[in-house]
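Structural description and commentary
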Amino acid sequence: MGSYNKLDRDFLQRESNFLRNMGIGFHINKNNTVSGLEEKVLQFGEGNFLRAFMDSFIDKLNIKGFFNGRIAIVQPIPQGMANELNAQGCCYTVVLRGLEGGKPVASKQIVTSINRVINPYTDFDTYVETMKNPQLRYIISNTTEAGIAYLETDKLCDRPPASFPGKVTALLYERYKHFGGDMAKGFIFLPCELIDNSGDTLKEVVLCYASKWKLPDDFITWVDKANYFANTLVDRIVTGYPRDEAGVFEAELGYKDDMLVTGEIFHFFAIEAPVNVLQEIESDMPFKNAGLNVVLTSDVTSYKMRKVRILNGSHTMSVLAARLAGIETVGEMMGDPLFIEYLKKGIYEEIIPTLDLDEEDLMSFAASVFDRFSNPHIKHYLLSIALNSVSKFKARVLPTIYDYYKKKDRLPDVLTFSFAALIAFYKTNEANDSPEVLEFFNAQWQQATSETCDFSAIVSATCAHAAFWDTDLNKLPGFAHKAAGYLQSIQTVGVAESLKRLLLR
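Attention here is on the structure that accompanies the text. Owing to the predicted nature of the structure, the values given are computational and were not obtained by experimental measurement.

**Looking at the overall build of the chain**
Counting its regular elements, the chain contains 23 helices and 15 strands. For the chain, whose C-alpha radius of gyration is 25 Å, the value lies close to the compact-globule estimate of 23 Å for 505 residues. In terms of overall dimensions, the chain has a C-alpha envelope of 75 × 55 × 40 Å along the principal axes. For the chain, buried positions account for 53% of its 505 residues. Considering only contacts in the chain between residues 6 or more positions apart, those separated by 24 or more positions represent 76%. Carbon together with sulfur atoms contributes 50% to the accessible area of the chain, which is approximately 21,700 Å² in total. When the 52 basic and 63 acidic side-chain charges of the chain are each reduced to a single mean position, those positions are 2 Å apart.

This is the structure:
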């Protein structure tokens, strides 16, 4: 690490003095870590996202004197960053950059909330010992979308089981035995994996392991009654270690940080749980008092819909048309006045009117979307976002089209245009989707020639393909006809001219 340890220790000493003045008993121990606070959180995953999200949040709570607890991280797979983080005393820098109200903003935070990182594959006994800590109350995770899954080969005797839920089941059993089934020694789980109903899914798989491993009925009852598995919604783009800017950051910060992580300023976290659990979380971690955009709710559905319809939906409705226009990144798209108007019309006139949510909240979230899309520090390639666009359109855009039609008794112009742009995009060799999807569109476009192209037939066949949409879109009055007109325009005069005509209506 070169001179990093000295710089790190100097920083920690200043941080220690500051926190001590705040009434928090930190001190620097001999191996250069901050100690003095109990481990209250066990975290599965040491990757960039959690370190720039939850670990950063807990650090801010500690600085405000609210949580007064630290994190023990478990490296969830054999290859990870336990050694690298431990070598830095589990301290690292988070740099956030972006736009707020169209103006550039940036922040730097040196996170000291992590106490240690444990590799269960090389130090299994220490890993198991964590379960005997009576102060441990929260389990956080981000093990990727595929992490919460059942693995048939997992066994209780494995050191450790391979899957994340298998690890959790085994550790819960250790805690259950150690505390004699004490109902006060369960956990609140905050799984941050990007799947719907992450907490419900994790609990289901844990109970499946408990049953498969023939663990006692009393233990299964303890898992069910003494623990709560919250569903969550997380939102922050984390870009990770800035390899292309490493030298610039080292010069600006005055030290080298191999664990530095960058991301966007925007963040949002929603936790869904019963009132009594939310009250405990609010008491332990008053996120709002620390200036964090965290919502505790009994139903996260409306926040999911807001994100999927406005953020994800506007991505899907715009990127294919933008790529057809020769644009490469979201940032470049946001520099094109034509696409700015296209997005504004789609979001403010077509998506937001279908959402029965607080109008002020919707407008604020929409404004944040424009800031996020325009963030010069995040280079989002349109082709990356365009991956699997058929399934994305079905989930993110199609429900809004139906809701708009129900409310207005007419079709939305921009969203219908985006369907035509999708069909046109799948004519190109840049489309990336499942073989079945690509084969379908290839067959449709092979039937057409530049001289004789029946756009109505292509659109009608696409609409009728229920394997894509779970319905026949031809049944939506006027949709196929309107989309066919847009498709013909895209193919004959191009996207830019088609958009001009659309926006001038």
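Back to the text.
**Brief notes about the nonpolar core**
If you look at the biggest cluster of nonpolar residues, it comprises 76 residues, and the most contacted ones within it are Ile310 and Phe419. When neighbours within four sequence positions are excluded, Ile310 is seen to be in contact with Met305, Ile347, Ile351, Ile352, Leu355, Leu362, Phe365, Ala366 and Val369. Counting residues in each nonpolar core, the second largest holds 42 residues, with Leu50, Val117, Met285 and Ala290 among its members.

**Focus: the sheet that holds strand β14 (residues 268-272)**
The 3 strands lie next to each other as β11-β14-β15, forming an open sheet whose pairing is mixed. Every interior strand has two partners, whereas the edge strands, β11 (231-235) and β15 (294-297), have only one. Within this sheet the neighbouring strands show an average axis-to-axis angle of 10 degrees, counted without direction. Alignment of β11 against β14, held across 5 bridges, turns out to be antiparallel. Note on β14: the bridge partner recorded for Thr232 is Ile271.

**A look at the pairing of strand β5 (residues 92-100)**
Along β5, 8 of the 9 residues are buried, which leaves the element largely enclosed by surrounding structure. Bridging between β5 and strand β6 (residues 103-111) involves 9 bridges; their strand directions are antiparallel. Across the sheet, residue Arg97 finds its bridge partner in β6, namely Ala106. Hairpin connection from β5 to β6: 2 residues lie between these consecutive antiparallel strands, with Gly101 at a positive phi of about 60 degrees. Pairing analysis gives 4 bridges linking β5 to strand β13 (residues 261-264), with the strands arranged parallel.

**Describing unusual backbone geometry**
Between Arg159 and the following residue, Pro160, the backbone shows a cis peptide bond with an omega angle of 0 degrees. Of note, Pro160 is situated in the loop between β8 (138-141) and α6 (164-178). Although it is not a glycine, Asn197 sits at a positive phi angle of roughly 55 degrees. Even without being a glycine, Asp409 presents a positive backbone phi close to 60 degrees.

**Some details on the packing of helix α19 (residues 435-446) against helix α20 (residues 455-464)**
Axes are the key here: two packed helices are described by the angle between their axes and the distance separating the axes. In contact at an axis separation of 10 Å, α19 and α20 are set at 160 degrees when each is read in the N-to-C sense. Here α19 lies roughly antiparallel to α20, going by the angle between them. Two packed elements cross with a definite hand, and for α19 against α20 that hand is right-handed. Listed contacts from α20 to Phe440, Phe441, Gln444 and Trp445 of α19 are Phe455, Ile458, Ala461 and Thr462. Across the contact of α19 with α20, the residue classes break down as 6 nonpolar, 2 polar and no charged.

**Structural notes on the layout of surface pockets**
In this structure, the largest pocket occupies an estimated 1,400 Å³ of space. For the largest pocket, the lining is made up of 48 residues, of which Glu145, Leu194, Val234, Lys307 and Asn312 are closest to its centre. If you list the elements that add at least two residues to the lining of the largest pocket, you get α2 (48-52), α6, β11, β12 (238-240), α11 (301-324), α14 (359-373) and α16 (389-396). When residues of the lining of the largest pocket are assigned to their parent elements, the largest contribution, 6 residues, is made by α11. In the lining of the largest pocket, the residues fall into 20 nonpolar, 15 polar and 13 charged. Of the voids in this model, the second largest pocket is the one considered here, and its volume is about 290 Å³. Lining of the second largest pocket is provided by 15 residues; of these, Arg97, Glu245, His377, Ile378 and Lys379 occupy positions nearest its centre.

**Some remarks on the sheet that holds β6**
Strands sit in the order β6-β5-β13-β12 across an open sheet of 4 strands; the sheet is mixed. The strands lining the two open edges of the sheet, one partner per strand, are β6 and β12. Mean inter-strand twist for the sheet, computed between neighbouring axes without regard to direction, equals 20 degrees.

**Regarding α20**
Among the residues of α20, those classed as buried are Phe455, Ile458, Val459, Thr462 and Cys463. The buried side chains of α20 occupy one side of the element, clustering within an arc of 130 degrees when seen end-on. Buried residues along α20 sit against α18 (413-425), α19, α21 (466-469) and α22 (479-493). Measuring from the backbone nitrogen of Ser456 back to the side-chain oxygen at the start of α20 gives 3.3 Å, which picks out Asp454 as the cap.

About the cut-offs
- Residues numbered from 1 in each chain as written.
- Predicted model: local features only at pLDDT ≥ 70, side-chain atom pairs only at ≥ 80, totals over all residues.
- Heavy atoms only, no water.
- Helix = DSSP H or I, 4+ residues; strand = E, 2+ residues; numbered from the N terminus.
- Rg over C-alpha atoms; globule rule 2.2 N^0.38 Å.
- Buried < 20%, exposed > 50% of the residue type's maximum accessible area, 1.4 Å probe, protein only.
- Contact = heavy atoms within 4.5 Å.
- Areas by Shrake-Rupley, 256 points an atom, 1.4 Å probe, with all protein chains shown as cover.
- Lys, Arg positive; Asp, Glu negative; His and termini not counted.
- Charge placed at Lys NZ, Arg CZ, Asp CG, Glu CD.
- Core = buried A, V, L, I, M, F, W, Y, C linked by side-chain atoms within 4.5 Å.
- Pairing = 2+ DSSP bridges.
- Axes fitted to C-alpha atoms, helices over the stretch in contact; angles between N-to-C directions.
- Parallel < 35°, antiparallel > 145°, perpendicular 65-115°, else oblique.
- Left-handed = near helix turned anticlockwise from the far one by under 90°.
- Nonpolar A, V, L, I, M, F, W, Y, C, P; charged D, E, K, R; others polar.
- 1 Å grid on protein atoms, 1.4 Å probe; cavity = no way out; pocket = protein on both sides within 12 Å on 5 of 7 lines; lining within 4 Å.
- Points joined across faces, edges and corners; volume = space filled by probe spheres on them.
- Arc of directions from axis to C-beta.
- Polar contact = N/O pair within 3.5 Å; in protein donor to acceptor, adjacent residues only side chain to side chain.

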